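If you want the building blocks of each chain, they are given just below.
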Amino acid sequence: MKAPTTATRYDTRLADLEAWMNAFGQPAYRARQLHEGLYTQRRPLEDLTNIPKALREQIAEALPLALTVDTMQTADDAMTAKWLWRASDGAQIETVLMRYTARATVCVSSQAGCAMGCTFCATGQAGFERHLSAAEIVEQVLRAQHASPQRVSNVVFMGMGEPLANPDAVLEACTRLHDDVGLSARHLTVSTVGVVPGIERLTEFELPVTLAVSLHAPDDALREELVPLNRRYPLSAVLDAARAYAERKGRRVSFEYACISGVNDLPHQADALAGKLTGFRGGAHVNLIPLNDTAGYPGHPSESDRIAAFADRLRAAGIEATVRRNRGTTIDAACGQLRSRNP
Ligand code: SAH
Ligand code: SF4
């Protein structure tokens, strides 16, 4: 058996845990117990009382957690929680837990910071620090689960970072969340600003995860102002890649649209958007999100009646549209508000 080489607790798949137990002189069933406890049952190591305490302590030391809590804040009657974590190299990342009556969603970061520079996004305004590893992504989900009475059923890659700029770690994390933690592939949502090669790679990926594409504008001129990456991958290329994804996976693609008053919420823009979202297998679904205020962008959220009218126009053109309710605005945990950096 190969010597254990993994570094942190959630770097470990079953074979790694078997190697560790072997190194500790323990029988293989201990590895299965540990794997079941950490991943299938999603419990913290300290709670796995079917494993002797001395061995748990040995494991805790050999396989430390990757993230320590800097701060944890709650909002919405404790139904929303945000963690600011620090990794061993000092990188800071954020995770948001959204609890509902019977289940919960975790919004994970895929990078510390983001290099894409979308003008209205706090993470983009702060710049890029580094990619996260698959273990750091899986750990965000499990640590949030430890704090949630509801079972985490959904994971969205909508925290800090552009997941498809870090596809190796993100796809590995999806595989592990599916295989080891038991989440269904369609309840894993990868949100991208439109990294076309990344969408193509996701199309080849074995799991039919949900693809969400952040559009925010119905034409290239406006989209370039909001999303600098549009100069590299224009709308038509992004939409073609998304159509191919829907076709291959047989899964409906969703589109995120942050509504900015007077900028992208006009009636003719709704019509133009509907005109672009044709030819999607399963139809296209647009999520309208009122812009969240950030320090570095002067725009304001659209008034709710404007958003409702925009949604109605999309629906009249046969495009499904929902208006997303904001969670966690008071603790800067809402879409696009995550922006931690090293002091
Ligand atoms: N980088 C990926 C995923 C992280 S951002 C992406 O851009 O899709 C998650 C979502 O939050 C994206 O749809 C993004 O456009 C949106 N967002 C960013 N800043 C926002 C803001 N200030 N208000 C509302 N939504 C915002
Ligand atoms: Fe990065 Fe997404 Fe923010 Fe754009 S919106 S800067 S891609 S995190």
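Calculation notes
Residues numbered from 1 in each chain as written. Chains lettered and ligands numbered in written order. Predicted model: local features only at pLDDT ≥ 70, side-chain atom pairs only at ≥ 80, totals over all residues. Heavy atoms only, no water. Buried < 20%, exposed > 50% of the residue type's maximum accessible area, 1.4 Å probe, protein only. Helix = DSSP H or I, 4+ residues; strand = E, 2+ residues; numbered from the N terminus. Pairing = 2+ DSSP bridges. Right-handed = clockwise from strand over helix to strand, strands pointing away. Near = heavy atom within 4 Å. Polar contact = N/O pair within 3.5 Å; in protein donor to acceptor, adjacent residues only side chain to side chain. Areas by Shrake-Rupley, 256 points an atom, 1.4 Å probe, with all protein chains shown as cover. Contact = heavy atoms within 4.5 Å. Axes fitted to C-alpha atoms, helices over the stretch in contact; angles between N-to-C directions. Parallel < 35°, antiparallel > 145°, perpendicular 65-115°, else oblique. Nonpolar A, V, L, I, M, F, W, Y, C, P; charged D, E, K, R; others polar.

*Asks:* Kindly report on the pairing of strand β10 (residues 253-259), identifying the contributing residues and their values.
*Replies:* Here is the key point about a regular strand: its side chains alternate between the two faces of the sheet. Most of β10 is tucked away: seven of the seven residues are buried. As judged from the three bridges shared by strand β9 (residues 210-214) and β10, these two strands associate in the parallel manner. Of the residues in β10, the one forming a bridge with V213 is F255. The sheet contact formed by β10 and strand β11 (residues 284-290) spans seven bridges and is parallel. Bridging from a neighbouring strand, Y257 pairs with L288 of β11. In this fold, β10 hands off to helix α10 (residues 267-276), which returns the chain to β11; that crossover is right-handed.

*Asks:* Before we move on, can you summarise the site of ligand 1 with the specific residues and values?
*Replies:* The environment of ligand 1 is formed by 20 residues, the closest being F120, S191, S214, H216 and N292. Take E162: an N or O atom from its side chain is 3.2 Å from a nitrogen atom of ligand 1. Within the side chain of S214, a nitrogen or oxygen atom sits 2.6 Å from an oxygen atom of ligand 1. The fraction of the free accessible surface of ligand 1 (530 Å²) that becomes covered by protein chains is 96%. Of all the secondary structure elements, the ones that give two or more residues to the shell around ligand 1 are β8 (188-192) and β10.

*Asks:* Requested: an account of the environment of C335, with residues and values cited.
*Replies:* Within the secondary structure layout, C335 lies in the segment after β12 (320-323). Excluding residues that lie within four positions of it along the chain, C335 makes contacts with I289, N292 and R324.

*Asks:* For the side chain of K82, give the residues involved together with the corresponding values.
*Replies:* Within the secondary structure, K82 is located in strand β2 (residues 80-87). Of note is the side chain of K82, whose polar atom sits 2.9 Å from the backbone oxygen of I331. Setting aside anything within four residues of it in sequence, one finds K82 in contact with T71, M72, Q73, E94, T95, V96, I331, D332, A333 and L338.

*Asks:* Describe the packing of helix α7 (residues 196-204) against helix α9 (residues 235-249), naming the residues involved and giving the relevant values.
*Replies:* Orientation of α7 relative to α9, taken along the N-to-C sense of each, is 5°, at an axis distance of 9 Å. Classed by the angle they form, the pair α7 and α9 counts as roughly parallel. Where α7 abuts α9, its residues V196, I199, L202, T203 and E204 lie against A237, V238, A241, A242, A244, Y245, R248 and K249. When grouped by side-chain class, the residues that make up the contact of α7 with α9 number nine nonpolar, one polar and three charged.

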